[in-house]
Amino acid sequence: MHRPPSSGQSSPQSPPSSPPLSRSPRYRPRSSKSARPPPKTLAQRLLWIFLFCLLKRQGILIFAPILYIAVMLFYMGTVSFDVVPVITHRPPPGSVYRSRQLYRKLLPQMDSDNSSADAIEALKLTFGCALDTSSYSERAFAVLISKKDSNSFLLHLCVLLTSFNFITLWYHNCLLIFLMVEDLEVQLRISEFYNKSLATAGLPESNGFIFVEANGGLNQQRTSICNAVAVAGYLNATLVIPNFHYHSIWRDPSKFGDIYDEEFFIKTLENDVRIVGTIPGNIMERFDHNMSNVYNFKIKAWSPIKYYTDIVLPKLLEETIIRISPFANRLSFDAPPAVQRLRCLANYEALRFSDPISSLGQTLVTRMKRLSVNNGGKYISVHLRFEEDMVAFSCCVYDGGDQEKLDMDAARERGWKGKFTKRGKVIRPGAIRLNGKCPLTPLEVGLMLRGMGFHKSTSIYLASGKIYDSERYMAPLLEMFPLLQTKEMLASAEELAPFQNYSSRLAAIDYTVCLHSEVFVTTQGGNFPQFLLGHRRYLYGGHSRTIRPDKRKLALLFDNLNNGWKSFKRQMLNIRSHSDSKGIELKRPNDSIYSVPCPDCMCRVNKTEDSRSSSSPT
């Protein structure tokens, strides 16, 4: 049924109304100005951009070079910063001279140390045996023989062994016999069999005259003399007494006869080598009496003896006289037995210091023994090379500051003009010290000896030239060893007057006193300690005692200021135990017989006629 719509009825149903505007996700109500967020700063915007790019792969590739450049600019100092990092560089350990600081630190502990053995006990610890070596000899004699005259028996046994060609038998047995002999006089008798020349009909006709110029200091000249004797004898030539070359460093105009006993030298070698003082006038007439007109050989260092027979001898036969200048180190150490025999004979028998030098030297030995009465008349000798020229040549830097630098530069220019100032010349004092090439200072020598167990009551003879800045450097050594002596302390000014301004003669006096010491301590390489080492071995039959420290280890030890006295002493004793404490050492092919005379120069028979017939060219 249809009902008419009333006036109150609603219209047909309309679609639902839309939601309020406040609920729409796209709608953001407008806030007032006070509620609006502040705008982003430039730094924030840059940070957002950096982070956005950093998260992108392409961004990393873009910003990596920029970041690297920024870091480089930071460290190169092109960017201004309030705080710049300071990089400090510490030199390598052992490359700087710090011994004086170490000395000041250790001195109180050193003086309060009562555990150090005295000098004699230190020697026993060093060499592992008592000082009286005769006890070993007596025990050996008791085991080997029962004869009453044991020394005579050993003497004849040594001769018997060396009479045959059983070299191996001689090498092991005759050497042992020589070292067991207690009596030095018998040792000398044994060694005379090596040097004694059998009666012959005389030397063959000479092939000519050899004139050499011996350059260098005392012991470098000694090398030249011995080598000249060996070459002249091997070539059957007449040797003219060597001429000593004057050098601006040593500044010693001494002649052969001023240092050595010339008459004794010629007499000792008369059965082996002809030696004359001057060249006959009739020969010099050919050269207008001018040695510079004589043919001069420029021979390379360490040339073999074959060079002399192949090259020098033909020229000698042609010219009758030749000159060799300079001659030091011009003959190889590796030489035939006949050459070595002549070297030994010249060095250990024929070369004897002149009477003035020998007399004063023996006087100083007597005085040293008298001053060492509390140590049984025994003293140690130390060879110290800390003269101005030695310090300058080493190019090492010590603690003398600007004055030291001025002194060393002047000394280098005087002695070696321009050698150390050449363009491109690089000198590294730290590396030189680390390599053990710097001369030890007197202070360092004192620290070393005290650390090795020598007490301050030890008698020491110091062999040295004029010490550089002696008042400053010698004071600590004298404080550590009050009984230290030098030739200037032992001898009066009147006794030394004839030798002043003659460095080689003064060195010969030092050589004599060191030769008769109980222990020899060397602190620097060179000819002086090498010759002295060999001479002491020869003189005492292998029983000599020598300390040769490792200076590379010393450089590190002296640089360590953290060491206490006990630690320092322990390390120094270790260095001492590894030094050359053996008196016996057999020569290897390229060793020098001047430092290692065994076996070439000790207890060996060399018949003159046999060696001459087998070695001398005709």
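Residues numbered from 1 in each chain as written. Predicted model: local features only at pLDDT ≥ 70, side-chain atom pairs only at ≥ 80, totals over all residues. Heavy atoms only, no water.

- For the chain, the name recorded in an unreviewed UniProt entry is O-fucosyltransferase family protein, with Salvia splendens as its organism.

## Looking at helix H23 (residues 503–515)
Then step 1. In a regular helix each residue adds 1.5 Å, so 13 residues correspond to 18 Å; H23 covers 18 Å between its end C-alpha atoms and thus fits that length.
Then step 2. For H23, the buried fraction is high: 12 of the 13 residues fall into the buried class. (Helix = DSSP H or I, 4+ residues; strand = E, 2+ residues; numbered from the N terminus. Expected span 1.5 Å × (residues − 1). Buried < 20%, exposed > 50% of the residue type's maximum accessible area, 1.4 Å probe, protein only.)

## Some details on the side chain of Lys551
Then step 1. Within the secondary structure, Lys551 sits in helix H25 (residues 551–559).
Then step 2. Glu444 provides the closest opposite charge to the buried, salt-bridge-free Lys551, at an N-O distance of 7.7 Å.
Then step 3. Here Gln524 takes part through its side chain, which lies 2.4 Å from a polar atom of the side chain of Lys551.
Then step 4. Contact partners of Lys551, with chain neighbours within four places excluded, come to Gly436, Lys437, Cys438, Pro439, Leu440, Thr523 and Gln524. (Lys, Arg positive; Asp, Glu negative; His and termini not counted. Salt bridge = Lys/Arg side-chain N within 4 Å of Asp/Glu carboxyl O. Polar contact = N/O pair within 3.5 Å; in protein donor to acceptor, adjacent residues only side chain to side chain. Contact = heavy atoms within 4.5 Å.)

## A few points about the packing of aromatic side chains
Then step 1. Here the structure, examined in full by the defined rule, presents 21 aromatic pairs.
Then step 2. Residues Phe393 and Trp416 carry aromatic rings whose centres are separated by 5.1 Å and whose planes lie at 45° to one another, so their mutual orientation is tilted. Note that Phe393 is positioned in helix H16 (residues 388–394) and Trp416 in the loop between helix H17 (401–415) and helix H18 (429–434), a separation of 23 residues in sequence.
Then step 3. What makes Phe393 partly exposed here is its relative accessible area of 37%.
Then step 4. A network of ring pairs unites the aromatic residues Phe244, Phe256, Tyr260, Phe265, Phe353, Tyr511 and Phe528 as a single cluster.
Then step 5. Cation over ring: Arg412 sits above Phe420, and NZ or CZ is 5.9 Å from the ring centre.
Then step 6. Looking at Arg472, its charged tip hangs above the ring of Tyr473, at a distance of 5.3 Å from the centre. (Phe/Tyr/Trp six-rings, centres within 6.5 Å; stacked < 30°, edge-to-face > 60°. Lys NZ or Arg CZ within 6 Å of the ring centre and 35° of its normal.)

## Quick notes on the state of the cysteines
Then step 1. In this structure the tally under the stated criterion is 2 disulfides.
Then step 2. The disulfide that involves Cys344 links it to Cys601, with 1.7 Å between the sulfurs. An S-S torsion of about -60° defines the bridge between Cys344 and Cys601 as left-handed. One end of the pair, Cys344, is in helix H14 (residues 337–350); the other, Cys601, is in the loop between helix H26 (565–577) and helix H27 (608–615), with 257 residues separating them in the sequence.
Then step 3. On the accessibility criterion, Cys344 (1% relative accessible area) is buried. (Disulfide = S-S within 2.5 Å.)

## With respect to the nonpolar core
Then step 1. Formed by 76 residues in total, the largest nonpolar core has its most connected members in Ile210, Tyr260, Phe265, Tyr308 and Tyr461.
Then step 2. Sort the elements by how many residues they give to this core and helix H9 (residues 218–234) lands first, with 9 residues.
Then step 3. Residues within four places of Tyr308 in sequence aside, it is in contact with Val231, Leu235, Ile299, Ser303, Leu313, Ile324, Phe327, Arg330 and Leu331.
Then step 4. In this structure, Val382, Cys396, Met452 and Phe481 belong to the second largest nonpolar core, which totals 48 residues. (Core = buried A, V, L, I, M, F, W, Y, C linked by side-chain atoms within 4.5 Å.)

## Structural notes on the pairing of strand S10 (residues 519–522)
Looking along a regular strand, one sees the side chains alternate between the two faces of the sheet.
Then step 1. Where burial is concerned, the two faces of S10 agree: the one with Val519 and Val521 and the one with Phe520 and Thr522 are both buried.
Then step 2. Looking at chain direction, strand S7 (residues 380–383) and S10 are connected through 4 bridges and run parallel. If you follow Val382 over to S10, its bridge partner there is Val521.
Then step 3. In this structure, S10 lies alongside strand S11 (residues 546–547), joined through 2 bridges in parallel fashion. Residue pairing in the sheet places Val521 in a bridge with Ile547 of S11. (Pairing = 2+ DSSP bridges.)

## A short note on the pattern of salt bridges
Then step 1. Within the structure shown, the criterion is met by 20 salt bridges.
Then step 2. We note a salt bridge from Asp261 to Arg352, for which the minimum N-O separation is 3.1 Å. Here the residue Asp261 occupies a position in the loop between helix H10 (256–259) and helix H11 (262–268), and Arg352 occupies one in the loop between H14 and helix H15 (355–371), the gap between them amounting to 91 residues.
Then step 3. Residue Lys306 pairs with Asp310 through a salt bridge whose shortest N-O separation is 2.5 Å. With Lys306 and Asp310 both in helix H13 (residues 305–319) and 4 residues apart, this pair spans about one turn of that helix.
Then step 4. Classification of Asp310 as partly exposed rests on a relative accessible area of 40%.
Then step 5. Shared partners join several salt bridges into a network, and the residues in it are Arg100, Asp399 and Arg472.

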